[in-house]
Amino acid sequence: MAEKIDFSTVKFLIVDSNPLSTELLYDILRMLGSISIRRANDTNKALKILRNDDIDVMITEWNVSPLNGLELIDEIRNSLQSPDRMLPIIMLTANSEPEFVVQARDHGVTEFLAKPFTVDAFYRRLVSVIARPRAFVNAGTYFGPDRRRRQVAHGGPERRDDD
């Protein structure tokens, strides 16, 4: 835990229908120093909170309702009524198979963390979205954080008009 963040200034929203999971995340965030933590056990409540409160980071489970976690992310990233299309979103779920990670990434999740998780792994995701935010991309069918984590020379001609 090399980087220090003042979590007392960060406003969190936890979206999870499991009260034990929600309470665990709440306790970890409190331990890290957060004082502003909202909780929603369904996506309708989450969207209402997002529209009425300033939220800095949302942590959501995949398995929520009436929208699932991906549909919630779609609503935030693509809806004209979205309160903050560039909201950092951490997907925290037991659905950790590669196809789930790819789907979450392609829907605009900022970070992905599989359950069960360690406090250190959770902290690293928080640092990533707070201290090292990624640029956002608006490319036709995708709006969300740049999915490229590192720059790799592709060894071919440039494809973009402005290159």
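Chains are numbered independently. Their residues run from 1 in the order of the written sequence. Predicted model: local features are reported for residues with pLDDT of at least 70 only, side-chain atom pairs are reported and counted for 80 or more only, and whole-chain, interface and lining totals are derived from all residues. The side-chain numbers reported here are obtained from all heavy atoms of the structure, hydrogens and water having been left aside.

Some thoughts on the overall build of the chain
Part 1 of the reasoning: Within the chain, the secondary structure is distributed over 5 helices and 7 strands.
Part 2 of the reasoning: For the chain, the proportion of its 163 residues judged to be buried stands at 42%.
Part 3 of the reasoning: In what follows, residue pairs with any heavy atoms lying within 4.5 Å of each other are defined as contacts. Residue pairs at least 24 apart in sequence account for 63% of intrachain contacts in the chain once pairs closer than 6 positions are excluded. The helix and strand labels rest on DSSP assignments: H or I over at least four residues marks a helix, E over at least two residues marks a strand, and numbering proceeds from the N terminus. The rule is simple: take the accessible area with a 1.4 Å probe, protein chains only, and divide by the maximum for that residue type; under 20% is buried, over 50% is exposed, in between is partly exposed.

So, the pairing of strand 4 (residues 89-93)
Part 1 of the reasoning: Counting buried positions along strand 4 gives 5 out of 5 residues, so the element sits mostly inside the fold.
Part 2 of the reasoning: Side-chain alternation along strand 4 places Ile-89, Met-91 and Thr-93 on one buried face and Ile-90 and Leu-92 on a second face that is also buried.
Part 3 of the reasoning: Here strand 3 (residues 57-60) pairs with strand 4 via 3 bridges, running parallel. By the bridge assignment, Thr-60 is partnered in strand 4 with Met-91.
Part 4 of the reasoning: Following the chain from strand 3 across helix 3 (residues 69-78) to the adjacent parallel strand 4, one finds a crossover that is right-handed.
Part 5 of the reasoning: Criterion used throughout: strands pair if DSSP finds at least two bridges between them. Sheet topology note: the strand 4/strand 5 (residues 111-114) ladder contains 4 bridges and is parallel. Across the sheet, Ile-90 pairs through a bridge with Glu-111, a residue of strand 5.
Part 6 of the reasoning: Whether a crossover is right-handed comes down to one check: with the strands pointing away from the viewer, does the path from the first strand over the helix to the second run clockwise; if it does, it is right-handed. A crossover links strand 4 with its parallel partner strand 5, the connecting element being helix 4 (residues 98-106), and its sense is right-handed.

So, the nonpolar core
Part 1 of the reasoning: Of all hydrophobic cores here, the largest spans 23 residues; its most connected members are Phe-12, Leu-29, Ile-59, Phe-122 and Leu-126.
Part 2 of the reasoning: Elements that contribute at least two residues to this core include exactly strand 1 (11-15), helix 1 (19-31), strand 3, strand 4 and helix 5 (119-131).
Part 3 of the reasoning: Looking at this core, the element that brings in the most residues is helix 5, giving 6 residues.
Part 4 of the reasoning: What Ile-59 contacts, discounting residues up to four positions off in sequence, is Phe-12, Leu-13, Ile-14, Val-15, Leu-25, Leu-29, Ile-90, Leu-92 and Phe-122.
Part 5 of the reasoning: Throughout, nonpolar core names a set of buried Ala, Val, Leu, Ile, Met, Phe, Trp, Tyr and Cys residues whose side chains join them through atoms within 4.5 Å. Among the nonpolar cores identified, the runner-up in size contains 21 residues, and Val-15, Ala-46, Ile-55 and Trp-62 belong to it.

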